[in-house]
Amino acid sequence: MNSQENGQAQSRDIIARLQNAIKELPELLALLTAPLDSIGLLPPQFVRYNTTPLPDGAFKVSKHIPALQRALLEHVIPTWEALLTEKRMYGIVEQYFCPDLFSFASPAAGELAIHGYSTILSLPLTEYSVRFLVRLSKAYPIDVLWTVVFGGLSGTSERKEFTWEDCVRNVIAIPGKVANALGGKSAIPPELEYGLYFNHVSRRCETLIQRLSMKRSKGDVISVNYILTKLVNVGVFPVTVPTSPSQPSFFQSTLPSIRSNLTSPSYASIWPEIITATPSTFTLQTVIASLFTHIKKVEGLDALASARTVAKEEALLLSGILGRMTKDSDDLWDTMNAVLLGREWTVGHARIFVCWVAGCERNQFDVEALETLLGNVVDLWTNADHIRHSLLNKHHYITALLLLTISYISAPGVSSAAIKNLAFSPLFIKSISTYLTHLDPSVRRCGMMIAEEVARGAGKKLDFADWDGENDGKAWCKAIRVLTKERDIDAEIVEDSGNEAGEGAKNVNIREQPAPPSIPSQGNLPKVTKPQDRTALVQDVTEYDSDDSLTGYITSPSSSRSPSPTPSELEEIEKDPTLRVTQKKIARPVYLAQLGDMIRPAGGLKPEAEEDEAQKQQVALDVAEEQIRRKRSYGTELEENAVNLVYGLIGLQDSYELEGFSQKRQAALNALVACCPRKAALAMIEEFFKNQYSAEQRYAILNALALGARELASLPIPETPAMQTPERISFTSKRLPPMLHHKYLTAADQQLVAAPVQNLLEGISREAIDKGRDAAAEKVPAYVRERQLRIKKPARITEVTKDGTVTRPQSSQMMARPATVFTDVAAEYFICPLINRFWLFLRDEQTREARTAQQPTLHQYKGSGTGLILNALVLSHFMATLAVLVHAARHAKEWLAIVAPDALELAVTVGTRPLSSGEGEDEDADDNLPGGQASAKGKEAALLTTSLELALVVLDGCVDLDGGRTMSLEHTALVLGVSEWAEEVLSRLEKGIKMLGGGGVQEMKLRRAAAGVVLKADEVTSRWKRSMIDVLSNA
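Described below are features of the structure shown in this document. Note that the structure is a prediction, hence the values are computed from the model and not measured.

1. Considering the pattern of salt bridges
Inspection of the entire model under this criterion finds 38 salt bridges. Here K138 makes a salt bridge to E191, at a shortest N to O gap of 3.2 Å. Here K138 is found in helix α6 (residues 127-139), whereas its partner E191 is found in the loop between α8 (157-182) and α9 (194-214), with 53 residues between them in sequence. Residue classification places E191 among the partly exposed positions, given a relative accessible area of 30%.

Dropping the structure here:
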């Protein structure tokens, strides 16, 4: 007893340790191998890692596995997945959810799969949990789960039924939950798409029915009914034939197999039991209607032998699935009446239905069943509402059903008084009169034809003598009479057609066999290459290829020189451990604290570790963004390490000229802002205003704030090299090799990569100007008339990816929906700290300049020096970043009252006031001007442009939100000042006055920004001019 209690405590301790941080990989493997070894599911290759085995019986699957699986999903996999995959050890984690082929025979394996379904679906789905669901759906489908529950688990029958119901609910819920979790963010695996998944479930359900047909009990049939009921609820039994692969259909997937298996008497007997035991009438009607929809189509008026054979074959199929209809099947008759008479069917269906009810045996009709069908059809055929309001197709179907039933009952050798009773029925006679008064001649002829045939069957003679011609339904009546001269039940079934169907079904079964339970993970998939002879590498090239950088020289057979090594041989040489004696492999960081230590060592850089520092930085930058995004929703690890990572990444220098250094660092900083905005944004803002950083580092900070904010706001962000994935590159054969591709990048491409914020702001300002231009054009009657007469432009084409979602650049495939919305943190953590910190920094800088203003020029401090914040280049980037942030936060609740006026005031100040004593000095100006005049000073064109664009963004947001009311009435002087400033700048440009740094494209941007501000300010002031005058007069 003490030993057992000790084992239970060890099991609980393993789960607790898995929920906490684990430092080393051997420790993790020891924790994972002990439980699997205790239940006999440990793969042989992991036996050597089981250093602390558990006692026998210490680990209980039902008691400990759910908690252990939850710990793996929440703590272990987010941290260790990449390293385990790299070491080819991820299979031990998969063993806890989907045991492999070697463990398939163990009862514990199936129980782990059952718990795996429940645990995965009880937690928010991630990419790795979706991969587990793909493996489970293949290795442990519904029929295997049934075997596990009713054949492997111990317990009472009630407990097994509860477990089975949970399994079915989990299996049915997978596509919906996966679609909700991944929809719009990443592609849904094909195996879990709605149509393909439920078609696979349908085939596995039919396999289960086939297995139960050999030996079954009443409880087994009930368990199958539960599956069918759930499938009906999710639309797997459609009443129309699906036209798209995304629409599942049970019978479309299983009918070929059912046809071939119905030759077995035991299989043919289980389907009627399942149909009869269906508890819900609605479920039964849906199943039967779907079956009728998916049977083979028979040409309604085709009297050839081939059509009669198909009709009889389909009747035999209905008999095998639904059983034979007898007079005493009251419940089934009620359902059949609702389906046969309550839905729209064709004349071909009517032929199949009557043959099925008749018993499908030649010269052996079930007269009682036919009489029951006749009575039900007559009730509808004689209904006055049906006669007056039904469409012609419904009249044709009901008339054909009635006429075919009469033809079977009145066949030679069949004794029945049903036809004679019908002929003298008052209701029938009255309905004939109703038919004769119908306005549609085709419907009238349906009643006339039935009256003649009933009279003939009763031994009477009736002839309306109006059947010549082809119009008014006469042709249809002639064809249906020819059809009823013989009966489909007398057709001979050709064996070849049945065998052909059976072979097709067998082929389907072969194709649809389930995959083996052992499905190797992506991390364990080795690259298998077919061995080739060295001479096979020499190919006959018929086209010119300019890329000779990687092409080896072709050695002739007679040459004594050794051939050039192939790329695979070069990789093997590089991996040779005997040639890498002095190189130490840097382990991949698992926790963010380890990542921070690699980027920013706590104890400084030791001399003996300097040679490994370059490799450490490379490894850290390669995994930084992935690790940060992976830890986004797991505990507080990211919040605890975010500030340290900000300091390390910003201060990191490219001392070793690492490949992709700037792009990878930028991607990591973007991820920090997007995943932990409350910590990272404030830390970056504080670091930006410190004088220890270069202009490049400040650009990285500003870019991270802008791009991370737009990601939080779910706005599109420009694609950079760090965000490109192989899936985004189309037509790779037409792309240059990587080195040549980067060499021949155009100037526009380089500008887009280097200045993403400026490109974002340019698009934002252009959109604002276009809106103002359209609003101004509406005021001119001539323009309004011209636009009304002009044909509207079609909607622009939007690129759609293969999975059907609109393309939106994302910086990582793991990007999830942000837990924090940007509008909730914009004012408190982004915009207001940035503006307030700038004012403090400007005050300190101007104070330092004032203290040294009286000293000689050489000793005077100037805050606008190269690389400093008040330098025009850095400050223009700062203003552009602020404009992007303001635009992304326009729907925040603080925007109109706080953000807009503070940002507009900053734009006016930066655009009109000198911020430094050395600002705007023209280096080309002559310092020895006559009369002791000072050199000309002015604003840089780039800084002036971004300031105007910031004002434009603010005014455009005010117009969109409340028409400019708040800004005009509460900050009247500021609005008028912005208008006057923009008009002055535009006036100077019109006069040809040169701006510092202007000319060319920059002057065009400045002119456009100034004109846009003038239009927006005029739009605001013209709407609230009277109220603004009152405000100024009261002031």
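2. A closer look at helix α10 (residues 218-233)
With 16 residues, α10 should reach 22 Å at 1.5 Å per residue; the first-to-last C-alpha distance of 23 Å fits that figure. Turning to α10, its buried residues are D220, V221, S223, V224, N225, Y226, I227, L228, L231 and V232. Taken together, the buried residues of α10 touch α7 (142-151), α8, α9, α11 (250-261), α12 (265-276) and α13 (281-294). Directly beyond the C-terminal end of α10, a positive phi value near 85 degrees is found at G235.

3. A look at empty space enclosed by the protein
One pass over the structure, following the stated rule, counts 2 cavities of 30 Å³ or more. Taken together, Y117, S137, Y140, P141, I142, V171, Y197, H200, V201 and R204 make up the lining of the largest cavity. Broken down by element, the residue count for the lining of the largest cavity peaks at 4 residues, all from α9. Looking at the lining of the largest cavity residue by residue, the classes come out as 7 nonpolar, 2 polar and 1 charged. Put simply, the second largest cavity is a space of about 30 Å³. Forming the walls of the second largest cavity are P78, T79, A82, L83, R588, P589, V590, Q627 and R630. Of the residues forming the lining of the second largest cavity, the biggest block, 4 residues, is contributed by helix α3 (residues 61-86).

4. Some points on the nonpolar core
The biggest cluster of nonpolar side chains holds 175 residues, and the ones touching the most others in it are L18, W80, W164 and F292. The element best represented in this core is α3, accounting for 11 residues. Listed in part, the 118 residues of the second largest apolar core include M598, C676, V886 and V1014.

Reading the values: the criteria
Residues numbered from 1 in each chain as written. Predicted model: local features only at pLDDT ≥ 70, side-chain atom pairs only at ≥ 80, totals over all residues. Heavy atoms only, no water. Salt bridge = Lys/Arg side-chain N within 4 Å of Asp/Glu carboxyl O. Helix = DSSP H or I, 4+ residues; strand = E, 2+ residues; numbered from the N terminus. Buried < 20%, exposed > 50% of the residue type's maximum accessible area, 1.4 Å probe, protein only. Expected span 1.5 Å × (residues − 1). Contact = heavy atoms within 4.5 Å. 1 Å grid on protein atoms, 1.4 Å probe; cavity = no way out; pocket = protein on both sides within 12 Å on 5 of 7 lines; lining within 4 Å. Points joined across faces, edges and corners; volume = space filled by probe spheres on them. Nonpolar A, V, L, I, M, F, W, Y, C, P; charged D, E, K, R; others polar. Core = buried A, V, L, I, M, F, W, Y, C linked by side-chain atoms within 4.5 Å.

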